[in-house]
Amino acid sequence: MAAGARLETMRRRVRLSRLALFTAIAAGPVALGVAVMSGPTTVAAAPSDQPTAVRSTAAAADPAGYAQVFLDAWLRSSADDANSAQARLAQSLAPDVDLPDPVASAQPKPATVTAVRSAQREDGEWAVTVAAQYADGRLRYFVVPVTADASGASFAVISAPGAVAGPAHAAVGTSPYGVSVPSDGDLGSAAGEFFAAYLTGAGEVDRYLAPGVKLAPVSPAPYTAVTVQEVWGAEEAAAAEQVPADGTKIRVRIQVEARDDAGLWLLAYEIALKARSGRWEVTALESGTLQDGGAR
């Protein structure tokens, strides 16, 4: 009975709403607007299972470069000459850090300084490991503590660097290139011609690329001659005596000997190739510089 009463009430409300609307239409546009604006409004609640928009925050900026610049200036400065350019730079990056006080027979200044690892701590603090390499071959590592603001827009070195051991050597996994390929075969010859064009400017690189692949040669050409030394493939098809059927894809690692005015240099590359019309064509140079047009 209760349900029937509620249903009858709803029906009366609908009839009254229709009557008011028809009356407004008869009375003219103004009354119609009033009737529409004054009518009951139903608001539907959003389903609870709808995804909620989440505003993501930008990743914290890595202060490795900041720590590198500081350590380079700090190692080249001295408390006895606080007005030197390097000392002023170090103090501007770390106002509360004292300058070193080397003696006259101190070790030479570093030849290069390079950040090699960053570890983020809590409360916006970082520990940046920086390597200092000297002309006599010595290599020393320092950890530089750096603090960053919430936005990652400003940094400061909060204490003097500390000498630490260098990063441990990671274990090297098994290489996927386990197929020995003759360097004087079709594949080795194609690779040699490609790298001669790529590194010495001898010929056009495009003639060795698969259709749709774009790759600019190294410019200016750094070497005068290139010779293939070793070729290793990831697929058995790389060692085939003849170029296989069209569309066959392989990946190879190639070691070449490059010559310039300073001597000989052993260089290694990973490339992908595809067989087409009885020849191997390069589809990718695994260096991040290739714009692959979908041929790979």
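Report follows, based on the coordinates. Quick caveat, the model's predicted, so the values are computed rather than measured. (Residues numbered from 1 in each chain as written. Predicted model: local features only at pLDDT ≥ 70, side-chain atom pairs only at ≥ 80, totals over all residues. Heavy atoms only, no water.)

1. Thoughts on helix H3 (residues 64–75)
Taking 1.5 Å per residue, 12 residues should reach 16 Å; H3 reaches 17 Å between its end C-alpha atoms and fits that length. Looking only at H3, the buried set comprises Ala64, Tyr66, Ala67, Phe70, Leu71, Ala73, Trp74 and Leu75. Each element contacted by the buried residues of H3 is listed here: helix H4 (85–93), strand E1 (112–120), strand E2 (125–133), strand E3 (139–148) and strand E4 (155–157). (Helix = DSSP H or I, 4+ residues; strand = E, 2+ residues; numbered from the N terminus. Expected span 1.5 Å × (residues − 1). Buried < 20%, exposed > 50% of the residue type's maximum accessible area, 1.4 Å probe, protein only. Contact = heavy atoms within 4.5 Å.)

2. Let's talk about the pairing of strand E10 (residues 279–285)
Successive side chains on a regular strand alternate, one facing one side of the sheet and the next facing the other. Within E10, six of the seven residues are buried, leaving the element largely enclosed by the surrounding structure. The sheet contact formed by strand E9 (residues 263–276) and E10 spans six bridges and is antiparallel. From the neighbouring strand, Leu273 faces E10, where its bridge partner is Val282. From the end of E9 to the start of E10, which pair antiparallel, there are two residues, and Ser277 there has a positive phi angle of about 55 degrees. (Pairing = 2+ DSSP bridges.)

3. Notes on the packing of aromatic side chains
For the structure shown, the criterion picks out six aromatic pairs. Here the aromatic rings of Phe70 and Trp74 are separated by 6.5 Å at their centres, their planes lie at 35 degrees, and the arrangement is tilted. Separated by four residues within a single helix, Phe70 and Trp74 lie in helix H3, roughly one turn from each other. Accessibility assignment for this pair places Phe70 and Trp74 in one class, buried. (Phe/Tyr/Trp six-rings, centres within 6.5 Å; stacked < 30°, edge-to-face > 60°.)

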